[in-house]
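Descriptive analysis of the structure
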Amino acid sequence: MAKDNQPTLAADIRLNFQDRGEPDFRERPELKHGRIESRAIWTSTKLNAYLDFPAVGQVFVIERTITNKKTGKTTIETVYGLTDHTPESASPKRLLAFNRSHWGVEAHHWILDWNWDEDRCTIRTGHGPENMTRLRRFATGLIKAKSTDSVSATIDKLARKVRRVFDYLGMTANSVPRAARAAPVS
């Protein structure tokens with residue numbers, strides 16, 4: 001994505017799509033999570049030779065129109081970006097799919113950073129960083145599989161008393177239902 005931390009790049013792409021006309025591809029509206037969302041994409045190769053950016057295949061603008069079903073309020077989000085995919089390797093429809101899958105990865109990273117403060121981790125040598133990331137991902141997956149609460153709420157509950165972690169994982173007598181504990185063993 002061309003964000004405002006690269007103001008010249010973002011401005012160049014915005015200017016290119018100022019009078020963009022009809023989109024190159026538009027998704028059909030979908031109902032998800034109480035909102036109706038549709039997305040459209042415009043692509044261009046006009047800036048490829050001009051931009052001082054390595055391996056530009058095409059630039060694009062994605063417009064998301066989101067309508068909240070309860071309130072009827074509609075918001076339009078516009079995102080500008082570039083990719084190394086040429087029009088031959090990625091059609092507008094495919095670029096839109098890439099963008100959607102990218103945000104799935106970002107959402108997972110956000111969970112890791114927000115709940116585990118991963119970006120500020122000071123483990124930097126050997127296999128330590130990779131091992132810690134795997135442990136965080138394992139813990140996140142386990143919490144999502146076992147809890148009805150959010151990952152954050154579950155971490156808060158478990159962090160107060162370490163014993164609860166063992167109960168949560170079913171590793172202590174407290175984690176066995178009372179009826180099963182009281183039943184005589186033959």
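It is worth spelling out the overall build of the chain at this point. Tallying secondary structure elements over the chain gives 6 helices and 5 strands in all. For the chain, the succession of helices and strands along the chain, N to C, is α-β-β-β-β-β-α-α-α-α-α. Counting only residues that meet the buried cut, the chain has 28% of its 186 residues in that class. Here the analysis covers contacts within the chain between residues at least 6 apart in sequence; of these, 50% occur between residues at least 24 apart. Total accessible area on the chain stands at roughly 13000 Å², and carbon and sulfur atoms take up 55% of it.

We now examine the side chain of Ser 38. By the secondary structure assignment, Ser 38 is in strand β3 (residues 35–44). If sequence neighbours within four positions are ignored, Ser 38 has contacts with Glu 27, Pro 29, Glu 63, Arg 64 and Thr 65.

The next thing to look at is a nonpolar patch on the surface. Together, Val 162, Phe 166, Leu 169 and Met 171 make up a nonpolar patch on the protein surface, roughly 380 Å² of accessible area in all. Tracing the chain through its elements places Leu 169 in the loop between α5 (162–168) and α6 (178–182).

For the rest of this paragraph, the subject is the pairing of strand β5 (residues 74–83). Two strands pair when backbone bridges link them, and strand β4 (residues 58–68) and β5 are joined in this way by 10 bridges, in the antiparallel orientation. Of the residues in β5, the one forming a bridge with Glu 63 is Thr 78. In textbook terms, the turn of a hairpin is the stretch between consecutive antiparallel strands, and for β4 and β5 this stretch comprises 5 residues, one of which, Gly 72, has a positive phi near 80°.

Attention shifts here to the packing of aromatic side chains. Taken as a whole, this structure holds 0 aromatic pairs when the rule is applied. In this structure, Arg 20 packs its charged tip against the face of Trp 42, placed 4.7 Å from the ring centre.

Within the secondary structure, Glu 27 is located in the loop between β1 (25–26) and β2 (30–32). Along the sequence, Glu 27 and Ala 97 sit 70 residues apart, while their C-alpha atoms lie 10.0 Å from each other. What Glu 27 contacts, discounting residues up to four positions off in sequence, is Ser 38, Arg 39, Leu 96 and Arg 100.

For the coordinates displayed, the defined rule picks out 8 salt bridges. A salt bridge links Arg 64 to Glu 77, with the shortest nitrogen-to-oxygen separation between them at 3.3 Å. Residue Arg 64 is found in strand β4, and its partner Glu 77 is found in strand β5; the two are separated by 13 residues along the sequence. The class of Arg 64 is buried, set by a relative accessible area of 10%. With a closest N to O distance of 2.7 Å, Arg 134 and Glu 130 form a salt bridge. Of the two residues, Arg 134 and Glu 130 are both situated in helix α3 (residues 128–146); the distance of 4 residues between them amounts to about one turn of the helix. Here Arg 134 falls in the exposed class, since its relative accessible area comes to 53%.

With that settled, the discussion passes to unusual backbone geometry. Positive phi outside glycine occurs at His 33, with the angle close to 50°. Locating His 33 in the fold gives a position in the loop between β2 and β3. Notably, Ala 55 is not glycine yet its phi reads approximately 55°, a positive angle. Secondary-structure assignment places Ala 55 in the loop between β3 and β4. Take Ala 55: its relative accessible area is 56%, and that puts it in the exposed class.

Now for the packing of α3 against helix α4 (residues 151–160). Axis separation between α3 and α4 bottoms out at 10 Å; the angle between their running directions is 100°. Between α3 and α4, the crossing angle belongs to the class labelled roughly perpendicular. For the pair formed by α3 and α4, the contact residues are Thr 140, Ile 143 and Lys 144 on the first element and Val 151, Thr 154 and Ile 155 on the second. In terms of residue class, the contact of α3 with α4 is built from 3 nonpolar, 2 polar and 1 charged.

Calculation rules
- Residues numbered from 1 in each chain as written.
- Predicted model: local features only at pLDDT ≥ 70, side-chain atom pairs only at ≥ 80, totals over all residues.
- Heavy atoms only, no water.
- Helix = DSSP H or I, 4+ residues; strand = E, 2+ residues; numbered from the N terminus.
- Buried < 20%, exposed > 50% of the residue type's maximum accessible area, 1.4 Å probe, protein only.
- Contact = heavy atoms within 4.5 Å.
- Areas by Shrake-Rupley, 256 points an atom, 1.4 Å probe, with all protein chains shown as cover.
- Patch = residues over 30% accessible without salt bridge, like charges linked within 9 Å, V, L, I, M, F, W, Y side chains within 5 Å.
- Salt bridge = Lys/Arg side-chain N within 4 Å of Asp/Glu carboxyl O.
- Pairing = 2+ DSSP bridges.
- Phe/Tyr/Trp six-rings, centres within 6.5 Å; stacked < 30°, edge-to-face > 60°.
- Lys NZ or Arg CZ within 6 Å of the ring centre and 35° of its normal.
- Axes fitted to C-alpha atoms, helices over the stretch in contact; angles between N-to-C directions.
- Parallel < 35°, antiparallel > 145°, perpendicular 65-115°, else oblique.
- Nonpolar A, V, L, I, M, F, W, Y, C, P; charged D, E, K, R; others polar.

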